[in-house]
Each structure stands twice: as structure tokens, then as C-alpha cells.
Amino acid sequence: MTTGRVSTGTGPWPYAVWALTRLWLLACVFKVVTVAGPDVTVDVSVIYRSWYEVLLTGTYPLDDVTWQYPPGAALAILSPALLPFWEYATAFFVLVLVCDALVLGLLLYAGRQPGMRAAGAWVWVVGVPLLGPTVYARYDLMVTAVAVAALLAGVRRPRALGVLAVFGALLKGWPVLLLLGVRKGRPTRAAWSSAALAGAGLAAAFALWMPGAFAFLAFQRDRGTEVESLGALVFHIARQFGWEGQVELRYGSMEFVGPHVELVSTLALGLAVLGLGWLLLWRLRARSFAVRTPAEAAFTAVLLFTVTSRVISPQYVVWLVGLAAVCLVFRGTAMTLPAVLVLVAAGVTLLEFPIGFGHVVASDAWGVTLLVVRNGLLVAASLIAARRLWRSTVPGRPGVEAVPGAVEGQPSRVAR
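Residues numbered from 1 in each chain as written. Predicted model: local features only at pLDDT ≥ 70, side-chain atom pairs only at ≥ 80, totals over all residues. Heavy atoms only, no water.

An unreviewed UniProt entry annotates the chain as DUF2029 domain-containing protein originating from Streptomyces parvus. As its UniProt record puts it under Sequence similarities (unreviewed entry), the chain is described as follows: "Belongs to the glycosyltransferase 87 family." (UniProt positions renumbered as here; feature names shortened; annotations may be inferred.)

For the chain, the count of helices and strands is 16 helices and five strands. Computed over the C-alpha atoms, the radius of gyration of the chain is 21 Å, within 12% of the 22 Å expected from 2.2 N^0.38 for a compact globule of 416 residues. For the chain, the residues scored as buried account for 53% of the 416 residues in total. Surface summary for the chain: the accessible area is close to 17,900 Å², and the carbon and sulfur share equals 67%. In the chain, which carries 32 positive and 20 negative side-chain charges, the distance between the mean positions of the two groups comes to 20 Å. (Helix = DSSP H or I, 4+ residues; strand = E, 2+ residues; numbered from the N terminus. Rg over C-alpha atoms; globule rule 2.2 N^0.38 Å. Buried < 20%, exposed > 50% of the residue type's maximum accessible area, 1.4 Å probe, protein only. Areas by Shrake-Rupley, 256 points an atom, 1.4 Å probe, with all protein chains shown as cover. Lys, Arg positive; Asp, Glu negative; His and termini not counted. Charge placed at Lys NZ, Arg CZ, Asp CG, Glu CD.)

Pairing is antiparallel in the open sheet, where three strands are placed in the order S1-S3-S2. Each having just a single partner strand, strand S1 (225-226) and strand S2 (246-250) make up the two edges of the open sheet. Two elements, S2 and strand S3 (residues 253-257), share five bridges in a ladder whose sense is antiparallel. Looking at the pairing, Gln-246 lines up with Val-257 of S3. (Pairing = 2+ DSSP bridges.)

Ranked by internal contacts, the top residues of the largest apolar core, which has 128 residues, are Leu-107, Trp-124, Tyr-139 and Phe-299. A total of 14 residues in this core trace back to one element, the largest contributor, which is helix H4 (residues 88-111). For Leu-107, the residues in contact, after removing those within four places along its chain, are Gly-120, Ala-121, Trp-124, Val-148, Leu-152, Ala-325, Val-326 and Val-329. (Core = buried A, V, L, I, M, F, W, Y, C linked by side-chain atoms within 4.5 Å. Contact = heavy atoms within 4.5 Å.)

For helix H1 (residues 13-29), which comprises 17 residues, the first-to-last C-alpha distance of 24 Å matches the rise-based estimate of 24 Å (1.5 Å per residue) to within 8%. Residues of H1 that are buried: Pro-14, Trp-18, Thr-21, Arg-22, Leu-25, Leu-26, Ala-27, Cys-28 and Val-29. Turning to H1, the residues buried within the fold contact H4 and helix H5 (119-130). Of the residues trailing H1, Lys-31 is marked for its positive phi of about 65 degrees. (Expected span 1.5 Å × (residues − 1).)

The topology assignment puts Pro-71 in the loop between helix H2 (42-56) and helix H3 (73-78). Considering only alpha carbons, one finds Pro-71 and Leu-343, 272 residues apart in sequence, at a separation of 30 Å.

Bringing the environment of Val-307 into the picture now. Locating Val-307 in the fold gives a position in helix H12 (residues 293-307). In the structure, Val-307 is positioned 23 residues away from Leu-284 in sequence and 23 Å away in space, judged by C-alpha atoms. Apart from the residues within four sequence positions on either side, Val-307 is in contact with Leu-230, Ile-312, Leu-378, Val-379 and Ser-382.

A word on the packing of H5 against helix H13 (residues 316-329). The relative placement of two packed helices is expressed as an angle between their axes plus a distance between the axes. Packing of H5 against H13 leaves a shortest axis separation of 6 Å and a crossing angle of 160 degrees. Considering their axes alone, H5 and H13 lie roughly antiparallel with respect to each other. Every pair of crossing elements has a handedness; the one defined by H5 and H13 is right-handed. Where H5 abuts H13, its residues Ala-119, Gly-120, Val-123, Trp-124, Gly-127 and Val-128 lie against Val-318, Val-321, Gly-322, Ala-324, Ala-325, Leu-328 and Val-329. Of the residues that constitute the contact of H5 with H13, the class distribution is ten nonpolar, three polar and no charged. (Axes fitted to C-alpha atoms, helices over the stretch in contact; angles between N-to-C directions. Parallel < 35°, antiparallel > 145°, perpendicular 65-115°, else oblique. Left-handed = near helix turned anticlockwise from the far one by under 90°. Nonpolar A, V, L, I, M, F, W, Y, C, P; charged D, E, K, R; others polar.)

This part is about the environment of Val-17. When you line up the elements, Val-17 lands in helix H1. Given a relative accessible area of 26%, Val-17 falls into the partly exposed group. A sequence separation of 108 residues divides Val-17 from Val-125, and the C-alpha atoms of the two residues are 7.0 Å apart.

What follows deals with the packing of aromatic side chains. Summed over the entire model, instances satisfying the criterion amount to 22 aromatic pairs. With 4.8 Å between their ring centres and 35 degrees between their planes, Phe-235 and Trp-243 make a pair best called tilted. Taking relative accessible area as the criterion, Phe-235 reaches 2% and is therefore assigned buried. In this structure Trp-243 comes out as buried when scored by relative accessible area, which is 15%. By way of ring pairs, the aromatic residues Phe-30, Tyr-48, Trp-51, Tyr-60, Trp-67, Tyr-69, Phe-92, Phe-93, Tyr-139, Phe-206 and Trp-209 are connected into one cluster. The cationic tip of Lys-172 hangs over the ring face of Tyr-139; the distance from NZ or CZ to the ring centre is 5.3 Å. (Phe/Tyr/Trp six-rings, centres within 6.5 Å; stacked < 30°, edge-to-face > 60°. Lys NZ or Arg CZ within 6 Å of the ring centre and 35° of its normal.)

Here we come to a nonpolar patch on the surface. On the surface, Trp-24, Phe-30, Val-32 and Val-33 cluster together into a nonpolar patch covering about 350 Å² of accessible area. Mapped onto the fold, Trp-24 is located in helix H1. (Patch = residues over 30% accessible without salt bridge, like charges linked within 9 Å, V, L, I, M, F, W, Y side chains within 5 Å. Salt bridge = Lys/Arg side-chain N within 4 Å of Asp/Glu carboxyl O.)

This part is about the confidence of the model for the chain. As a general rule, the predicted coordinates of low-pLDDT regions are not to be interpreted in detail. Summing up the model confidence of the chain, the mean pLDDT is 90 and the portion of residues at 70 or higher is 91%. In the model, residues 1-9 has pLDDT below 50 throughout and makes three contacts with residues more than four positions away in sequence or in other chains. Below a pLDDT of 50 lies the segment residues 398-416, which in the model reaches 51 contacts outside its immediate sequence neighbourhood of four places, other chains included. (pLDDT = per-residue confidence, 0-100.)

What follows is the structure in C-alpha cells.
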């Protein structure tokens, strides 16, 4: 019998699986359960805590080159002050857990709407623990929560998307890419103008709040090729043939130092520029914008910039898990296969860091294999996502034309 009610098809299972997997993550970061490899909580208990103490004095960490973040990152680092009755690291882990729960709630709520589904919530439930304890020992999950909120709010409120995207960008840069796929016309004007106004206001506020708000730009410029990046594979393989370089701790990460490293870093930057050029060309050529297009465009853009980055830290994958989850909230999304590839890459990332990080640094067979598989999965996801985004939005096939402003549930192309 039909009651007229919309079935979510979720029941209690997402909550139960989320609770069990997050209990395991908490056990890991609180060291009840030990995961092989380096202690991933040191970033919070030592590095974040030292930044916290500097920030409390009224300045950004100007003398610390490991401070590689936009000024809004100070809010994440200072956030444990909201829970003063707990030690810094404990408060931080609890706040990440809260953000994790908020993302689940947003995805489940969105999944109950017409034309939506619960698959996105399941991507989040499964994808986050696949990354292991690192995901709770960095502030990237907090940034991802802002990005998920921005994309879901943008379905009906482009201005909210603009404000949240620029706020996320001031936390960690990449959420500015959420603005790329907003439907042309009035939604774009609303989202981009609100982003510009909010960005200018927030940037000025951070600059006035404390000295050194934008010192991170110089630190980022000087970074080299981190051992987990796509470009690093050149040196991992070259080491097998007598390459004379080595691995050193620089700018807070393990980087290659030696002959031709600067060249590979420059080539990675060139690939990022090519990726940006492709995205701008897509934006100019795109004609068919469905309700899911902003999420699909953001997912594709962040994939491209992740694989071309000089650094692919494990926590970067949580950005992709969050964006993949939003894509799969929408019925008819073209991003199912790239999302699955990202989930597999998340599991391999846990094997690569922290479990197999010693092998990666040593460039032995196991370490190189893990990197080839993980980075290969991300490259494949990037190329497939880019191809599918282009085909679903850009007219070009004979006898087919795009329908400007297409919406979810309606065909995006029609035969002439």
C-alpha cells in the first residue's frame, strides 16, 4: 500500500556502522589500539599544540616554516579552547568527531529529499575509517565538513555556497574550487559575489586580528616534492638505479632532496596549471548544469589538483571522500566509479601511511608498490571524473545539444 511517504532506505544501519567505526578511530588516537607505523597523533599533541600557544599570544607562527595554512586555520587550531576542561589533544579529537557526525547528519538529511538517496551517507560512513587514525589527527575533516555543508546548501541557496566556500578556502585553500560548477547566470552571480564580499571581509578581519596572516604563502612557495606525491615516484624508481638524492624532513613533511627535484616540482606545478586551464575551458564550454553539477565539478577539480600537487598527504584523501559522498547523494550522478576508486585509494592510503611509511621512505619494493597503486587509483579517478563531467555538460556529439540550466530529474541533453 502506498502511503505517500518517502522511504530513506537507511534505517539504523548508517548510525550503527558510523558509531562502531568511529569508536575504533577514537581508540586509535587515544592509543587504546595501536596501529603500526609512526604515531600520527604527534601533529596534534606537539605541532598543533605549539601553534595554539603561539596563537594565544596574538600572532601567527611566523618563525615556524611548518605553518603552511591560510589564516582561517587559526580557528581550527584554537578550537580546543571551546572545551577547556579537557587536555588539548583530547578536545581536538572530540571536536573532529563532532564534525564527522555533522557531516553524516547533513548527508542523511539530504538523502531524504526528493531525487536524493542515502548512498552519499554510506560513502562517508565507510570512507573515513578506511583512512585510519590520521583522519582524526588532522584538521582536514573540519574543512571537509564546511565543504559538504556548502555544496548541500548551494542546491537551493547559491549565496550560502559562496560564503561557506570562501570560509573553507580561508581554512585550507581548496574549497574555493566549489565555486567552479555553479550554474551559469543568476546562481553564479549570487555565489561568486557573496564569496567575493565574504572573502574580502574575512581576509581583512584575519589580517587585522593578528600579524602574519598571509606569511604562509612564502612557506608554500618553497616546498619541494613530498615522498607520497605523484612526482615522487620518479625518485623512488630512480633510487633503484643509483640516484644520489635523499629524503629529508622539510616544511613538516618528508621530501626528496637532490638532483632534478626542483625540475620535477616545477613540472608538477605545470601540470596543476594545465589542470586549471582544462577546468576553465570546461567552465566556458559547459551548457548543461544539473543540480548535481556543482558537486561533480568540485569533486573533479579537487581530484585534479590533488594528483598534480607536490604533496599528497594521507589527510588530503578525506577531501575527496567528502566530495564523493555529496556526488552520490544525487540520483543519476556520473561519479559513481570515480567515487569507488577514491574509496579503494583511501584503504591503500592507510597501508601506505602510517602502516607502511617506513617502506615508502626507504623506496623499497613494497613502499613503491603501495604508492603506484594509491596514486594510480587517484589518477584514474581524476581522468574518469573529468571525462564524465565534460560529456554530461558540454555539447558536442552530432544530433545532440545541451539544455541550458537543466535540473535534476530532467534530461540534460535532447536529440535535435
